[in-house]
Amino acid sequence: MEMKQPVTMNREYEEKQEKQDSQESQENGRLVADSVPEKEQKSVNGYPSTSPQSPREDAGAGTEGGTFKTLVVQQTSLDPPRETWSKKVDFLLSVIGYAVDLGNVWRFPYICYQNGGGAFLLPYMLMAMFGGVPLFYMELALGQFHRSGCISIWKHICPIFKGIGFAICIIALYIAFYYNTIMAWALYYLLSSFRATLPWTTCNNWWNTPNCTRYLSTDLNVSWTESSISPAEEFYIRQVLQVHRSPGLHQLGWVSWQLALCLLFIFTIVYFSIWKGVKTSGKVVWVTATFPYLVLFVLLIRGATLPGAWRGVVFYLKPDWNKLLSTTVWLDAAAQIFFSLGPGFGVLLAFASYNPFHNNCYKDALITSSVNCLTSFLSGFVIFTVLGYMAEMRQQGVETVAKDAGPSLLFIIYAEAIANMPAATFFAIIFFLMIIMLGLDSTFAGLEGVITAMLDEFPHLLVKRREWFVLGLVCVCYLGALSTLTYGGAFVVKLFEEYATGPAVITVVFLEVIAVSWFYGTTRFCNDVQLMIGFSPGLFWRVCWVAICPCFLLFIIGSFLAFPPEVRLFDYLYPFWTTVLGYCIGCSSFICVPSYMVYYLLTTKGTFKQRLLKSITPIPSGTSGPPTDTIVFTNAV
């Protein structure tokens with residue numbers, strides 16, 4: 001009796017203490033007894049929380065007569081839980097909105113007809129199958145498994161390659177410097193469209209020249225000559241851009257205050273869409289990612305009913321199989337699918353890092369990449385039905401009308417065609433709204449990639465100050481874009497587009513594939529994917545990641561270095577010193593990779609061999625896998 005009383009008191013104390021501990025574990029962990037079924041385990045912050053089966057089964061086998069029990073403690077991280085998407089559709093729309101951008105509307109149709117029309121679809125699909133989609137899938141899987149941005153993720157893959165993350169952030173800033181300026185141009189057009197007579201349809205404005213020729217479908221007595229300039233072209237060059245006031249890159253001129261205000265409005269929208277994270281941007285893309293498709297279908301139906309539309313469609317799709325013998329065609333196909341899907345910009349890593357751990361990223365990769373390619377194909381019909389109509393009206397060949405690529409195709413040719421349609425004001429408003437929304441999606445994504453990378457790298461400094469950090473980032477992007485708002489700003493935009501981003505990001509992705517496939521290991525990576533989605537990538541994906549994708553990227557890099565493009569905009573041929581400047585801008589981002597390698601080897605302790613071994617050894621991730629760490633105590637009372 002004297003021994004039983006202390007035992008009883010100890011049991012009451014243990015029960016009371018256990019009750020207190022279980023309440024405290026709601027924040028830092030939880031206790032799961034053997035008697036609790038696995039299906040009753042709840043998710044933490046949207047991530048499924050499952051405990052390993054084998055440790056518990058092995059421990060349970062050693063108990064006799066129920067005297068001992070196994071105590072399983074699942075302890076979550078003490079860091080704040082990672083933000084997740086509110087809905088799966090938010091993620092899909094965000095990725096689609098990022099991948100489907102202005103390049104799908106103006107670049108793909110031009111590249112397609114320039115490289116053999118329908119014959120171009122063959123190299124395009126092959127490059128997508130063996131190059132673009134595997135890279136797309138790889139980045140989604142990496143981001144979802146490690147739940148990190150493009151900087152901090154490298155310590156879990158191959159630490160010495162961490163400079164890739166910093167290079168990606170710099171490239172994203174360069175893109176923000178010029179890409180949003182194109183939306184500012186579209187906003188200027190949008191504001192100019194709210195009038196009965198569109199300003200790019202007449203030649204009696206102060207910016208017009210004597211060569212301006214008003215050539216509408218109703219002007220039967222007007223003939224179009226080689227010296228003729230359409231009012232749409234003069235509105236774009238002399239009123240919106242005011243390029244005629246700048247002789248070239250050596251003298252850019254003053255900042256256009258109209259475009260400065262338009263860009264300020266664009267960045268204001270961007271800030272209030274991304275300042276709170278994917279919870280807010282995931283809602284905004286419901287409008288910005290779906291509205292362009294509605295407008296594309298409306299314009300397709302309208303364009304198909306125009307006279308001469310069939311000429312444009314035939315020119316777009318008529319195959320020229322001899323073009324396939326040219327290396328240029330395959331290079332253009334590889335570059336187009338790469339920049340269209342957009343691996344290497346840190347965006348896919350960031351977006352996927354907010355997914356639940358067991359999300360099927362394989363299916364997501366196939367769906368979003370297919371939607372992107374089909375959108376490019378659809379945009380070709382939207383553009384070329386209108387180009388066929390313009391050729392019919394001017395009594396010229398489609399190849400003569402479609403000589404311009406890039407923004408000029410939208411702001412000159414398509415704007416002029418819209419002016420000739422009935423209800424021109426309505427079609428102009430929805431068209432330029434579509435251009436703005438296509439650009440906004442990509443800007444949201446690009447800046448979110450930088451924000452996620454910096455917040456994950458410096459969590460204690462920036463996580464609680466996200467709004468202020470985003471504000472500072474947007475201000476830096478706006479100040480960096482001021483050079484593109486000058487009279488010669490269009491020359492700066494072209495320089496950034498050709499040199500600052502393309503070669504650098506392709507080289508960065510090449511190193512990323514090498515680091516993941518050869519250093520981290522394809523087998524380890526496939527095991528990670530199997531842990532997430534329940535099945536391992538097949539032989540096709542492994543071969544693509546190890547051999548085909550690196551060769552695919554080397555082909556693009558080698559072709560660019562062997563045949564540097566001759567850059568021209570309007571009548572301005574870029575001099576040699578601008579080419580050197582462009583390469584310097586591109587190298588300014590890529591230099592982060594070798595610089596960090598040297599820094600890592602110098603600051604790491606140990607012999608050179610030990611430092612080298614440590615530099616390629618991944619650090620186990622505390623956040624990869626389901627967000628719980630399981631500790632098993634056996635033979636515990």
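Residues numbered from 1 in each chain as written. Predicted model: local features only at pLDDT ≥ 70, side-chain atom pairs only at ≥ 80, totals over all residues. Heavy atoms only, no water.

A.B. asks: Even after reading the chapter, I still don't get the overall build of the protein chain, so can you show me in this structure?
C.D. replies: The helix and strand inventory of the protein chain stands at 25 helices and 5 strands. Burial analysis of the protein chain (637 residues in total) assigns 55% to the buried set. Intrachain contacts of the protein chain at a sequence separation of at least 6 include 83% that bridge at least 24 residues. Surface summary for the protein chain: the accessible area is close to 28,600 Å², and the carbon and sulfur share equals 64%. (Helix = DSSP H or I, 4+ residues; strand = E, 2+ residues; numbered from the N terminus. Buried < 20%, exposed > 50% of the residue type's maximum accessible area, 1.4 Å probe, protein only. Contact = heavy atoms within 4.5 Å. Areas by Shrake-Rupley, 256 points an atom, 1.4 Å probe, with all protein chains shown as cover.)

A.B. asks: How should I be thinking about the packing of aromatic side chains in this particular structure?
C.D. replies: How two aromatic rings sit relative to each other is given by the distance of their centres and the angle of their planes. Evaluation of the coordinates by the stated rule reveals 55 aromatic pairs. Relative to tyrosine 599, the ring of tyrosine 596 has its centre 5.8 Å away and its plane inclined at 50 degrees; by these criteria the two rings are tilted. Highlighted residues: tyrosine 596 and tyrosine 599, both in helix H24 (residues 592-603), separated by 3 residues, approximately one helical turn. Take tyrosine 596: its relative accessible area is 15%, and that puts it in the buried class. Here the basic side chain of arginine 245 rests over the ring of tyrosine 487, its NZ or CZ set 5.2 Å away from the ring centre. (Phe/Tyr/Trp six-rings, centres within 6.5 Å; stacked < 30°, edge-to-face > 60°. Lys NZ or Arg CZ within 6 Å of the ring centre and 35° of its normal.)

A.B. asks: Would you explain helix H23 (residues 576-590) in this entry?
C.D. replies: Residues lying three or four places apart along an α-helix face the same way, a consequence of the helix completing one turn every 3.6 residues. Between the first and last C-alpha of H23 there are 22 Å, a value that for 15 residues agrees with the 21 Å anticipated at 1.5 Å per step. Those residues of H23 that sit buried are Thr578, Thr579, Gly582, Ile585, Gly586 and Ser589. Projected onto a plane normal to the axis of H23, the buried residues spread over an arc of 120 degrees and lie on a single side. (Expected span 1.5 Å × (residues − 1). Arc of directions from axis to C-beta.)

A.B. asks: In this structure, what is going on with unusual backbone geometry? I would like to understand it.
C.D. replies: In terms of backbone geometry, most residues other than glycine have negative phi values and most peptide bonds are trans. For alanine 423, which is not glycine, the phi dihedral falls at a positive 55 degrees. Structurally, alanine 423 is set in the loop between helix H16 (407-419) and helix H17 (424-457). Even without a glycine there, the phi angle at phenylalanine 570 is positive, about 55 degrees. In this structure, phenylalanine 570 sits in the loop between strand S3 (568-569) and strand S4 (572-573).

A.B. asks: I'm lost on the packing of helix H6 (residues 163-192) against helix H19 (residues 466-480) in this one. Help?
C.D. replies: Packed helices, taken two at a time, are described by the angle their axes make and the gap between the axes. Relative to each other, H6 and H19 sit at 60 degrees, their axes nearing to 8 Å. Accordingly, the angle class assigned to the pair H6 and H19 is oblique. Of the two elements, H6 crosses H19, and the hand of that crossing is right-handed. Side by side, H6 and H19 meet where Leu173, Ala176 and Phe177 of the first sit next to Leu473, Val476, Cys477 and Gly480 of the second. When its residues are assigned to classes, the contact of H6 with H19 shows 6 nonpolar, 1 polar and no charged. (Axes fitted to C-alpha atoms, helices over the stretch in contact; angles between N-to-C directions. Parallel < 35°, antiparallel > 145°, perpendicular 65-115°, else oblique. Left-handed = near helix turned anticlockwise from the far one by under 90°. Nonpolar A, V, L, I, M, F, W, Y, C, P; charged D, E, K, R; others polar.)

A.B. asks: How do you make sense of a nonpolar patch on the surface when you look at a structure like this?
C.D. replies: Together, Leu122, Leu126, Met129, Phe130, Trp321 and Phe540 make up an exposed nonpolar region whose accessible area comes to about 550 Å². With 4 residues, the single largest contributor to the nonpolar patch is helix H5 (residues 121-146). Examined against the element boundaries, phenylalanine 540 turns out to sit in helix H22 (residues 539-562). Exposure remark for phenylalanine 540: the relative accessible area of 35% places this residue in the partly exposed category. (Patch = residues over 30% accessible without salt bridge, like charges linked within 9 Å, V, L, I, M, F, W, Y side chains within 5 Å. Salt bridge = Lys/Arg side-chain N within 4 Å of Asp/Glu carboxyl O.)

A.B. asks: Which parts of the structure should I look at to understand the side chain of aspartate 90?
C.D. replies: Relative to the elements of secondary structure, aspartate 90 occurs in helix H3 (residues 88-99). Here aspartate 90 is in contact with Trp85, Gly282, Lys283, Val285 and Trp286, once residues within four sequence places are set aside.

A.B. asks: Help me understand the pattern of salt bridges, please; the structure alone is not making it clear to me.
C.D. replies: Close approach of charged atoms allows side chains with opposite charge to pair. Under the criterion given, the structure shown has 7 salt bridges. Lysine 88 is the partner of aspartate 364 in a salt bridge, and the nearest nitrogen-oxygen pair spans 3.2 Å. One end of the pair, aspartate 364, is in helix H14 (residues 361-394); the other, lysine 88, is in helix H3, with 276 residues separating them in the sequence. Residue classification places aspartate 364 among the buried residues on the basis of a relative accessible area of 1%. Glutamate 467 serves as the salt-bridge partner of lysine 276, at 3.0 Å between the closest nitrogen and oxygen. One end of the pair, lysine 276, is in the loop between helix H8 (257-274) and helix H9 (278-288); the other, glutamate 467, is in helix H19, with 191 residues separating them in the sequence. Look at lysine 276 and you get partly exposed, because its relative accessible area is 40%.

A.B. asks: Before we go on, may I ask you to explain the state of the cysteines in this structure?
C.D. replies: Applying the stated criterion across every chain, the model contains 1 disulfide. Disulfide pairing is shown between cysteine 203 and cysteine 212; the S-S distance is 2.0 Å. Judged by the sign of its S-S torsion, about -70 degrees, the cystine formed by cysteine 203 and cysteine 212 is left-handed. (Disulfide = S-S within 2.5 Å.)

A.B. asks: Could you clarify how one ought to interpret H22 in this entry?
C.D. replies: Taking 1.5 Å per residue as the helical rise, H22 with its 24 residues ought to reach 34 Å, and the 33 Å between its terminal C-alpha atoms agrees with that figure. Most pronounced at tryptophan 545, the bend in H22 amounts to some 50 degrees. Along H22, the positions that sit buried rather than exposed are Trp541, Cys544, Trp545, Cys549, Pro550, Phe552, Leu553, Ile556, Ile557, Ser559 and Phe560. Tucked into the core, H22 has its buried residues touching H5, helix H12 (327-341), H14, helix H20 (489-500), helix H21 (502-533) and H23. (Bend = angle between axes of the 7 residues up to and from the residue.)

A.B. asks: In this structure, what is going on with the confidence of the model for the protein chain? I would like to understand it.
C.D. replies: Note: predicted coordinates in regions of low pLDDT should not be interpreted at a detailed level. In the predicted model, the protein chain carries a mean pLDDT of 81, and 82% of its residues have values of at least 70. A low-confidence stretch, residues 70-78 (pLDDT under 50), is modelled with 41 contacts involving residues beyond four sequence positions or located in other chains. (pLDDT = per-residue confidence, 0-100.)

A.B. asks: I keep staring at the nonpolar core and nothing clicks. Help me out?
C.D. replies: What tends to happen in soluble globular proteins is that the nonpolar side chains get buried as a cluster. If you look at the biggest cluster of nonpolar residues, it comprises 199 residues, and the most contacted ones within it are Trp185, Trp200 and Phe432. Take this core: its biggest share by element is 21 residues, from H6. Setting aside chain neighbours within four positions, we find phenylalanine 432 in contact with Ala186, Tyr189, Leu190, Ser193, Trp200, Phe411 and Ala415. (Core = buried A, V, L, I, M, F, W, Y, C linked by side-chain atoms within 4.5 Å.)

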